[in-house]
Structures are given as structure tokens and as C-alpha cells.
There are 2 protein chains.
Amino acid sequence: MNWQKTLTEYAAGFIEGLVQARVDEVVISPGSRSTPLAMLLAEHQDMKVYMNIDERSAAFFALGLAKASRRPVCLLCTSGTAAANYFPAVIEASLSRVPLIVLTADRPHELRDVGAPQAIDQLHLYGRYVRWFADMALPETGEDMIKYAKTAAIRAASVSRGLLPGPVHVNFPLREPLVPLLEPYPFNEKNPGPTLPFSTEGHLQVPLEICREIAEKCSSYEKGLIICGTIDQKKFPEAVVELAKTLGYPILADPLSQLRSGSFDKKAVIDCYDTFLRSNFVKERLKPDIIIQFGGQPVSKPLSLFLKTIRQSVEHIIVDGNGGWRDPYRLSTHMVHSNETVFCRQLQELAEKKQSQSWSDLWTRVNDQAKSVIHSFMESISDMEEGKAVYLMSHVLPPESTLFIGNSMPIRDVDTFFHTNENNIRLMGNRGANGIDGVVSAAVGAAVHERPLFLLIGDLSFFHDMNGLLAAKLHKININIILLNNDGGGIFSHLPQAGEKDFELIFGTPTGLNYEYAAMLYNGQYTKVLDWEDLDLSIREAASNEGLNIIEIPTDRTRNLDVHRALWEQVSQEINKYLRSDEQ
Amino acid sequence: MNWQKTLTEYAAGFIEGLVQARVDEVVISPGSRSTPLAMLLAEHQDMKVYMNIDERSAAFFALGLAKASRRPVCLLCTSGTAAANYFPAVIEASLSRVPLIVLTADRPHELRDVGAPQAIDQLHLYGRYVRWFADMALPETGEDMIKYAKTAAIRAASVSRGLLPGPVHVNFPLREPLVPLLEPYPFNEKNPGPTLPFSTEGHLQVPLEICREIAEKCSSYEKGLIICGTIDQKKFPEAVVELAKTLGYPILADPLSQLRSGSFDKKAVIDCYDTFLRSNFVKERLKPDIIIQFGGQPVSKPLSLFLKTIRQSVEHIIVDGNGGWRDPYRLSTHMVHSNETVFCRQLQELAEKKQSQSWSDLWTRVNDQAKSVIHSFMESISDMEEGKAVYLMSHVLPPESTLFIGNSMPIRDVDTFFHTNENNIRLMGNRGANGIDGVVSAAVGAAVHERPLFLLIGDLSFFHDMNGLLAAKLHKININIILLNNDGGGIFSHLPQAGEKDFELIFGTPTGLNYEYAAMLYNGQYTKVLDWEDLDLSIREAASNEGLNIIEIPTDRTRNLDVHRALWEQVSQEINKYLRSDEQ
């Protein structure tokens, strides 16, 4: 058997394994060493190939695809630093628990660590950030080696979407010549048959007596809270809302909890806590006895401070269905490793239905009151300002659209200004490591599956990942970018170093870039919005436009800060007043 | 003592250590957790701060600074994926042996691995790619802890420029509040005194009897070659040229050996071997008995094939002054771990001066002949083509300028078309891992110290690192970019997959970008060159222009390939003919 046939059967076997494991999207970056895998992936009729030249962008693009589809996505690059460019997205995928299958081509063993061109040490390249690493054997002939390749692919997919979903890394040493045989069609058209493993990934569930114990606690406490951070499980919203109804507890819902929009009952959902949990008086009045918390760390800092302040006297149950330990402020009195949706249902069945609604009514009334203050305050703003931009956007986004939210200020503004609605808007973001890197690419990737998709992003984050726009151009992906341009790092104005020496040099970092040229570079449509009517109109237009649309909103860092501070002050005053009058 | 004072003294101590170790350049990316280090670095009067928003670009920029200055450069970023963006440049620095001191701010221990925002596992983040890693203690008060911080900085600098220069990583866990005290001036103005270690990094030297043995071998062989790959030691060119004179051996000089331009005697330097070592007849005639090789892997593939073919009957001495094992094709009969310049001088002193010059004359005549064929061939080309662009450039670049060379095709074309000259042009490139990533940033960094600097780069590599242009804009750095735009991956047309199915999708990868908009985005001057006179003029103009100049040369991938093949064919024919007539 000749080499080309050996190479082809082995690499095709791996790809057949991927397809059997229901992986059907791959993002490829150009390279020579990866030739056999790239050509065979492109050849497989069930595999959709996206080309992405910048590997950093490619990996975030894959992350976006995987987040949107909730399925593992494959990545392929050549040997050398190409693979190192995946690292930021691999870390983000690891922390945000998104399945990625990273394939890297490598030089064969005899060219490792001897100064050969484009040869770096790729073994365990991503350290502890991948759930599984395999350095594959060199291509070999024979049924067993082909089954080995197929099984490795199935296992890679299984681990990536397993108990703790995340990235896996499979490294392929390959020798020249690298061109596979594409004729005859190199894949087995029939089902590969019963000899290959189908894998099923289980979920965590805790013993019934533990649930019963917690249910009893909940029945005995009138004042309870449910907190939902970042979580994206299809049936979770309904399950947690039902649980809240039974327990009579309000749900403090982070924007990425998927609880602020959708067709379920949102009566229990509290969405203004970030604004009203800033006054000590309010915090004292709203102190719970028990908390049940789901998902990744909520974005709200006032919420974290509130939880830290009261932790001495509260039972705090943290539920993590992936077996992690998400408790940065050591709040938990009980860490429950159970699938979140399953746990909600179990608890709801076991708990007694609360008779009094006065506790949850109190939260709802405070929340409504805060929302009404925010509403009036926002209506009074005429200058361009970031908070109001987000506020308006939340009213204008078309139903069924997706909002991808950048880190730093945008996610915080969405927390404050994007309230519950019936528009079934999916909110997405990169909240594993909260980086400002890779956001454009992730959003463009998500936009493949979600349409219309709007990305809300600050100028530094947009700049960081402008390369991500090329995928939109090359693959004709529709994406609408709302660019909040305050020419620098707006979040730093909120920190104590604001106004210190060298502030603009090391924190403000204005770039002075005119992003209209970026739009032109990538064949995008560009609008600079100078008043609020414009914004409304531009968003509506963008939703129906094809391709890349950039809507830039020029804002001012100092004014943004002043508006936020004034709003927080006003909400605190009004809520204090309201609670005092309520008590009389 | 209060916290702010503790934080300030500890962080300032580390920075004093850096300055004492003669580190005076730092590239900072914006962030919150890194606040104390960033503010104190900006405050130190002997530290030059460069701000660079995209950490991937920042790290390559630092690499360029360090390459140009031949001194360690510091990097600072905040916690999270920011640090992961350094990874490609850290690997490149590791393989190309360039000193970098990577400082990363981290969350304190109690916020690690518990789902805290922007907290990733930064311990040993760069795996085996750094020469030293230290996870610093949290800031503490007291003379001994300040000395600990100072010593860590001195050690970091020492290791980074030590026996095997490269990157080091120092991770700083930091607690809030993060703002240091800038008044009074936080640094000790006087010399820190004799209690701090000054470090001296030694070099490798082999016993005299080993040198004598090699000298005797060289005296006994008339037919010897010296091969110089990538090497950048100030006194190496003169030392190796003197050695060559004594031994009567020609020097095959890679473009990055720094032997093609400079004020030393270039009589022994062979610069057309990549073109004439393609014919079996020529290779047979020019077969040596002994080879002494210095530096990183030469770019020429024909040279590698030549060396592989003859390895059974040649003594091959590889000299690696950093104690590495640079021998991908298992050629060495002797691996010598000695500083290259020292070894050249020792060997020259011990070796007998050769009487006959006929062997080196043969090489010189073949080289001259090949050069004359290349010359005529180039003169005959009228269409825009990449080889000719490089050829012309080598004649037009002003004396004392620096040429930074992109990977993939540009470095290969420079190998073929950039011949010896008296213009003292410094040639630079990223030949550790040969990536197309980070090239713009590295060149912009190098341009801080080298002026005028020209970057020769292909369009994919330019696209990959366009963000690197922001540093040129913000720091008013002069850089001239010659952009060879063949709209895609030109090198793949040289590989066997050219013309295979899906070639354009996965290898050709045309982007269709109009880079004039990139120039506009970064306030650059842009010229598209459409004929050869234009190119000449544009290069001369750019050299005296301030700021960013982009000179785009549109070329065609297929035509480039045809020209290269025709040239190689013609040189082989002519040299074969020449050698045959020589023998008669």
C-alpha cells in the first residue's frame, strides 16, 4: 500500500469519526503541514468549512459558532505559532465551558526540537486549558489504526461536550508528501456500522435526600432569592421560573441568564438590582435568609458586594451542573453538583408552595420603581451617551434577534439598561475570562446561526479584533455592529486611578482611529449616529440589510461616567424614599 | 505601614531592579489589575513606556525592540486572556532566542480557580517556552521583601539574556486597592548600592584540544564550506570572514547571517547558492569534505537538500553557542557548544593558512556566474513580479537602512535576490518559528531603533497583523512597508497541492481587501506601484518621509511561480554549461 493511500485512509478515518460524532463545522486557517486534513475536511460532503486566515480570529469565530449552535466545532491550523494564536479562545472556551475540537498539524517526531522550520513544541501546548490532549500516531495503514483514528475523533467530540464541556486538542504529526487522494471519494458513504462507539455524555444529579433537605430549608424561609448568572440551557428558564413560583422567591437575572427575554413567565424576574442594590438602606431591607445561585459569576458588582456583606447570616446554595467551584467570594454554605435544570425540577416537586407573596412582591415593587426612575432619567437625556444607547436599543431590537455583548462597559450597561421583554432576544457574550479580545470574531461566528445578530461593542474591543470582520466579508455573514466609540478605555474612568498622573497614556489610551475606513476595508455599510432618532432608524435598517453594517455612536468617557453616577444616585434616593414610605 | 505604601515600595522595588539590570523599555497594554506596575513604570524617569492595546501586537512589538537593541525588553498586561495573546511572540522569542521579560498581573490566590471575573490560571501559562517562571509573593512590607522583589527583577533580566536568551515570565498577584503612591518620587534616586547583585552572564567555550583537533581536520581538507544561518552577533561577521580566509573555504551566507551587507571583506561570501544548488551536476562538482555551520536553519531548501544528499561522506561541524541542538536533518558529525565568535577566532589562530585558493575560487566563479544570469534575467522582466521587486529593492535601499523581512515568500525572495553589497544594510526577520503572525508589529518595534526601516511583507502576513500599525501611529514611528500583494497565500502555488480541488478555498485564500483603506485608517501615506520606475521613486521618497508609508506592489501568484521556475531553470543550464567548459 502506498503512502498517499495510508495518509488518506488514516486522516479520512479521523474525519469520519468527527462526522459520526455529529461534528459538522470546521474553521480552517491556511497552511502547508495541515494539507491532508484541510483537503479531506473540505471534501467531506457533510462538513461545512469556514476559512479564516488569522488563527486568533478563527478560534473565536469557532467559539461563536459553538456557542450559537450549542455543539462542538472543529478548528484546524498548521504547525508553529499558528496554533499559539488559538490560545486566547481556548482559554475562553475552557472557562465558559464551550466545546471546541482543536486540530493542529505538527512536524513528525524527527523534526521536533532540532531547529527545523515552523516546528515548535506542540505537546500540551494549551496546558491545563484543554479537557483532553492527544498526540496522534503518524499515519499508519491497517484496519486497527484507522479505527484508532476514528475513535480518537469520537472521543474528542465526546470529551468536548462531556460533563465539563470545553476545548480538546488533537495534534497530528505528518510527514511529506502531504497531498491526500480525493478520488475515489475517500469516505465511507454508508454508516460506519456497529463496531464504532457511539458516546453518550451523562449529567450530574444529587441524591434525593439532599434535594429534600434543601426543599425543607426553602419551605422554612420566607425570604429567599434565586440568582442566575451566565447560563445557557434550553429548558432552564422555564424550570427556574416554575421553581421561583413555588418558593415565592424573586430571581435576580443576569443578562446572560437568558431570563430577561423569552416566552416564559417573567413575573419573578428582577432586572434592576444592579441599580438599586447600591444603598445600604435598601440592602438592609432586602436581605434574604437563603439564596440559590446558578450559572457563572453575574456581572453586577453591587450584587457581589451585597452578597459579601450578608454572607455571615445567609444560607447560600451554589448549584454547578458541570462540577466546578464557582464561588469567588466564599459565599456557599452548600455546593451542589447537579444539572441545573434537573435540580430546579426536583426541588420544585419537593418544596411546598408558599402562600404569602409579600417578600417577592416587595422585590417586584422595588424593581418596578427603579425601572420607572431609569425610564424617566433616560428620557431626559438628549446628548449621545452609552447607557441611553443601550436603553434605546433594548426597545428597538427586532423580535427573535440576538444581541452579542462586548466586555468591559457594554455588558455592564446591558445589565443596567436591558430589561425584561417579550421579544425573545438571545443575549450572548464571552464571560469565561471576560476579555475584550476576540469579541468581533465570536459574534461573527454566532451570526452564522443567529439572524439578525447585533453586536454591542466598545471601540478598544472592536479595534482588538477588527481582523474578525474578514470572515463576515468572505463568508457573506450578516452582522450589525453597534460601535460605542468613546475613543479609549471607558471603564477606567470608573476606577480610582481616574485623573491620576499619566492616566490618558496608560488607561485612557485614545487611538484616534476613524472606523469608517475599517468599514470600507471590509465592504461594510457604515453609519455614524448623531442623535437618538438616527439610532432608532439605523438599527431598524441594519436588521434588514445584508452583510456587515457598522453603526458608530460617538460618546464621551467623562459624560458617560457622570450620567451613570447621577442615575445611581437618583435611583438610590427614590428607592430609599419608597421603602421608607412603604414602612410607614 | 499602610497598604498603599506597602504596594508602592514592593512594586517600585521590582522596577528598580529592572532598571539596575539595564532594562529601560516596557510595552504596556491597558488593564486594571496591572495598575500599580503600569503607573510606576510610567513614573520611572529611566523607563521608556510604549502603549499597545492589542497584547499580541504588543508582544511582537517588544520582540522587535529587543531584536533591534539586542537587549531585554519588558512587557506588562493585566490578568486574563490578555496574557494568552502574548503566546505567539513568546514562542517566537523562545525559538529565536530573544530576551523578553513578560510581567502579568494576576488575581490574588483567593480569587483563583473559583470563577472570579478575568481570572485564569496564569501559573506556567507559557509552558516550556519561558526560560524562567516566577509567581511572585503578594506585596509585603519590610526590607527583605523589597530586596526579594528587586532581586527577582535582576534575575529575570539575567536569565532572559543568559546562556540561552529568551523570554521569562513573572506573574504578580495583586489585591485591591491598586493605585500606588507617586508622591514623593517612589524610586531611590541613588544607586541602590552594593547589596544588590549585579549579574554577569557567561558564554560557552570548548577546550583548546577540541579546537586543535578541528583545526587539524580543516588543514587536511581543501574542500570545506562554512555555512551561516540566522545569527546576530556584533563581531561575528569579521571573525568568520577571517576564519574563511585562513581556511580557504567559501561562506554560504543566509540573508539573516548579517554577512551580505556590511563593511567587512565579503570576498568569501556566497549569496546565490539557493539558485545554483538545484542541479545534480552542480551539486556533484561542488561537494565538500568538511562543513562548519553556524546559526539558525538557513532558509534555502536547495541548500538543505544538498546537505542531506552528501551527508554520508562529509564531516559536518555544527556550532551552537547557546547550547542548543539545531540539526533537523541529522547532519552533524560534531556538535560544538561554543560561542560562535570565540570559536571562529580560536580556530583561525590554530589552523594553517591554506595556500591554494582554487576551491574557493571555483565557488566564487560559479556564484558570480549565477549572479550574472539572475541580473540579466531580472533586467528582462517588465511586468510586476515579486522577485524583481526584491531585486530592485536591494539596489535602491539607502545605506545604513534596515530591511525587516516577512516570512513565507519574502524571506525566500530575499535569499535569492538580495546580494552582497557595501550599503551596511541590517537584515532582520522572525525566523524562530517562521510564522506569518506578528511581523508588522515586530518591524514597527525594530523601527524605533533603526531608521530608515523597510518592511517587506506579503499580503496575508500584513493582514494578520494590521493592528500592529497602531503603534506606529500612536508613537510616531517611521516605517516603510513594501506590501507584496498577490491576494492570498503565494507560497502554496509552489507546493504539490497547487491546482488540486478546493485549492483557492483552503490554500489560495484571496481576501480581496483594498489596503489603501488600512493606510487611511492609520494615517499612513499610501502608494500603489504599477511599474518599476515607480518603485524606485517610491522607495527613495519613503526613506525620507515621516510616519507610516505603505508601498503596495500588486502581483500575480501564477506569474510569480512561472518567473521563479524559469529563472531556476536558466541558472541551472548556464552553470552546468559553465562547469563543463571549465573542466575541459
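Residues numbered from 1 in each chain as written. Chains lettered and ligands numbered in written order. Predicted model: local features only at pLDDT ≥ 70, side-chain atom pairs only at ≥ 80, totals over all residues. Heavy atoms only, no water.

1. Overview of unusual backbone geometry
In this chain, E183(A) is followed by P184(A) through a cis amide linkage whose omega measures -5°. With respect to the secondary-structure elements, P184(A) resides in the loop between β6 (167-173) and α7 (208-220). The step from R451(B) to P452(B) runs through a cis peptide bond, and the omega angle for that step is -5°. Considering the arrangement of structural elements, one finds P452(B) in the loop between α16 (439-449) and β15 (453-458). Unusually for a residue other than glycine, D487(B) sits at a positive phi of about 50°. Structurally, the position occupied by D487(B) is in the loop between β16 (479-485) and α19 (503-508). Of the residues examined, D487(B) reaches a relative accessible area of 26% and is grouped as partly exposed. (Helix = DSSP H or I, 4+ residues; strand = E, 2+ residues; numbered from the N terminus. Buried < 20%, exposed > 50% of the residue type's maximum accessible area, 1.4 Å probe, protein only.)

2. Thoughts on the pairing of strand β14 (residues 426-429) of chain B
All names here are of chain B. Side chains R426 and M428 of β14 all project onto a buried face; the interleaved residues L427 and G429 project onto the opposite face, where all are buried too. Bridge analysis of strand β13 (residues 402-405) against β14 gives 4 bridges, and the strand direction is parallel. Bridged to T402 within β14 is R426. (Pairing = 2+ DSSP bridges.)

3. Overview of the pattern of salt bridges
Residue and element names in this part refer to chain A. Counted according to the given criterion, the structure contains 56 salt bridges over all chains. One salt bridge connects E110 with R175, and the closest N-O pair in it is separated by 2.6 Å. Of this pair, E110 sits in the loop between β4 (100-106) and β5 (132-135) while R175 is found in the loop between β6 and α7, placing the two residues 65 residues apart along the sequence. Residue class for E110 comes out partly exposed when judged on its relative accessible area of 27%. (Salt bridge = Lys/Arg side-chain N within 4 Å of Asp/Glu carboxyl O.)

4. Here's the deal with the UniProt feature "domain: Thiamine pyrophosphate enzyme N-terminal TPP-binding" (unreviewed entry) in chain A
The sites that carry the UniProt feature "domain: Thiamine pyrophosphate enzyme N-terminal TPP-binding" (unreviewed entry) are, in the present numbering, residues 11-124 of chain A. The straight-line gap between the two end C-alpha atoms of residues 11-124 of chain A is 21 Å; of that span, 42% is helix and 18% is strand. (UniProt positions renumbered as here; feature names shortened; annotations may be inferred.)

5. Remarks on the domain arrangement of chain A
Residue and element names in this part refer to chain A. Under the domain assignment, chain A is made up of domain 1 (3-173), domain 2 (208-357) and domain 3 (386-555). On a C-alpha basis, the centroid separation for the pair domain 2 and domain 3 is 30 Å. Tallying the contact residues gives 19 residues for domain 2 and 19 residues for domain 3. For the pairing of domain 2 and domain 3, the buried interface totals around 1,600 Å² over both sides, and the portion due to carbon and sulfur atoms is 49%. Considering only the surface of domain 2 that becomes buried against domain 3, L256, R260 and V299 emerge as the three largest contributors, covering 35% of it. Put simply, R426 and D232 hold a salt bridge, and the shortest N to O gap is 3.0 Å. For the side of domain 2 that touches domain 3, the element with the highest residue contribution is helix α9 (residues 273-276), accounting for 3 residues. (Domains from an automatic or database assignment. Contact = heavy atoms within 4.5 Å. Buried area = accessible area lost by both parts, 1.4 Å probe.)

6. A look at the sheet that holds strand β1 (residues 25-28) of chain A
Strand pairing within a sheet occurs via backbone hydrogen bonds; the two strands may be parallel or antiparallel. Residue and element names in this part refer to chain A. Within the open sheet, the 6 strands sit side by side as β2-β1-β3-β4-β6-β5. Their pairing is parallel. Each edge of the sheet is formed by a strand with only one pairing partner; in this case those strands are β2 (48-51) and β5. Taken pair by pair, the neighbouring strands of this sheet meet at an average axis angle of 20°, ignoring direction. Relative to strand β3 (residues 73-77), β1 runs parallel, the two sharing 3 bridges. (Axes fitted to C-alpha atoms, helices over the stretch in contact; angles between N-to-C directions.)

7. Overview of the UniProt feature "domain: Thiamine pyrophosphate enzyme TPP-binding" (unreviewed entry) in chain A
Using the residue numbers shown here, the UniProt feature "domain: Thiamine pyrophosphate enzyme TPP-binding" (unreviewed entry) corresponds to residues 438-553 of chain A. The span residues 438-553 of chain A shows a helical share of 41% and a strand share of 20%, and its end C-alpha atoms are spaced 21 Å apart.

8. Details of the sheet that holds strand β7 (residues 224-228) of chain B
Residues and elements named next belong to chain B. Within the open sheet, the 6 strands sit side by side as β9-β8-β7-β10-β11-β12. Their pairing is parallel. Bordering the open sheet on either side are β9 (269-270) and β12 (334-336), each of which pairs with just one other strand. Bridge analysis of strand β8 (residues 251-253) against β9 gives 2 bridges, and the strand direction is parallel. Among the inter-strand pairings, L252 is bridged to a residue of β9, identified as I270.

9. Overview of the interface of chain A and chain B
With 84 residues of chain A in contact, the opposing surface of chain B contributes 84 residues. At the boundary of chain A with chain B, total buried surface from both sides reaches about 7,000 Å², with 64% on carbon and sulfur atoms. For the pair chain A and chain B, the interface holds 6 salt bridges. In this structure, R56(B) engages D54(A) in a salt bridge whose closest nitrogen and oxygen atoms are separated by 2.7 Å.

10. Regarding the packing of helix α1 (residues 3-20) of chain B against helix α2 (residues 35-43) of chain B
Residue and element names in this part refer to chain B. As a packed pair, α1 and α2 sit with axes 10 Å apart at the nearest point and diverge in direction by 55°. Between α1 and α2, the angle falls in the class oblique. As for how α1 packs across α2, the hand of that crossing is right-handed. Here α1 contributes L7, T8, A11, A12, I15 and L18 to the contact with α2, which in turn contributes P36, L37, L40 and L41. The class makeup of the residues in the contact of α1 with α2 is 9 nonpolar, 1 polar and no charged. (Parallel < 35°, antiparallel > 145°, perpendicular 65-115°, else oblique. Left-handed = near helix turned anticlockwise from the far one by under 90°. Nonpolar A, V, L, I, M, F, W, Y, C, P; charged D, E, K, R; others polar.)

11. Some words on the relation of the copies chain A and chain B
Each copy superposes on the other: chain A lies on chain B with an RMSD of 0.0 Å after a rotation of 180° and an axial shift of 0.0 Å. Each copy turns onto its partner about a two-fold axis. Rotation axis and chain A: the residue whose C-alpha lies nearest the axis is Y517(A), separated from it by 2.7 Å. (Least-squares fit on C-alpha atoms with pLDDT ≥ 70 in both.)

12. As for the nonpolar core
Ranked by size, the top nonpolar core spans 134 residues in total, and within it F462(A), I479(A), F462(B), I479(B) and I481(B) carry the most contacts. The residues touching F462(B), leaving out its near neighbours within four places in the chain, are V440(B), I457(B), L469(B), I481(B), L483(B), Y515(B), A518(B) and I550(B). (Core = buried A, V, L, I, M, F, W, Y, C linked by side-chain atoms within 4.5 Å.)

13. Details of the packing of aromatic side chains
Any aromatic ring pair is given by two values, namely how distant the centres are and how the planes are angled relative to each other. A complete count under the given rule lists 27 aromatic pairs over all chains for this structure. Centre to centre, the rings of F462(A) and Y515(A) are 5.2 Å apart; their planes meet at 85°, and the pair counts as edge-to-face. In this pair, F462(A) sits in helix α17 (residues 459-464) while Y515(A) sits in the loop between α19 (503-508) and α20 (516-521), placing the two residues 53 residues apart along the sequence. For F462(A), a relative accessible area of 0% gives the class buried. Accessibility expressed as a relative area gives 1% for Y515(A), which makes it buried. An aromatic cluster is defined as three or more aromatic residues linked by ring pairs; in this entry it consists of F87(A), Y126(A), Y129(A), F87(B), Y126(B) and Y129(B). Seen from the ring of F281(A), R580(A) lies directly overhead, with NZ or CZ sitting 4.0 Å from the centre. (Phe/Tyr/Trp six-rings, centres within 6.5 Å; stacked < 30°, edge-to-face > 60°. Lys NZ or Arg CZ within 6 Å of the ring centre and 35° of its normal.)

14. Some words on the pairing of strand β16 (residues 479-485) of chain A
All names here are of chain A. Burial analysis of β16 places 7 of its 7 residues in the buried class, which makes it a mostly covered element. Note: strand β15 (residues 453-458) against β16, 5 bridges, orientation parallel. Residue I457 lies in a different strand from β16, and its bridge partner there is L483. In this sheet, strand β18 (residues 548-554) lies alongside β16 in parallel orientation, the contact comprising 7 bridges. Across the sheet, residue I479 finds its bridge partner in β18, namely L548.

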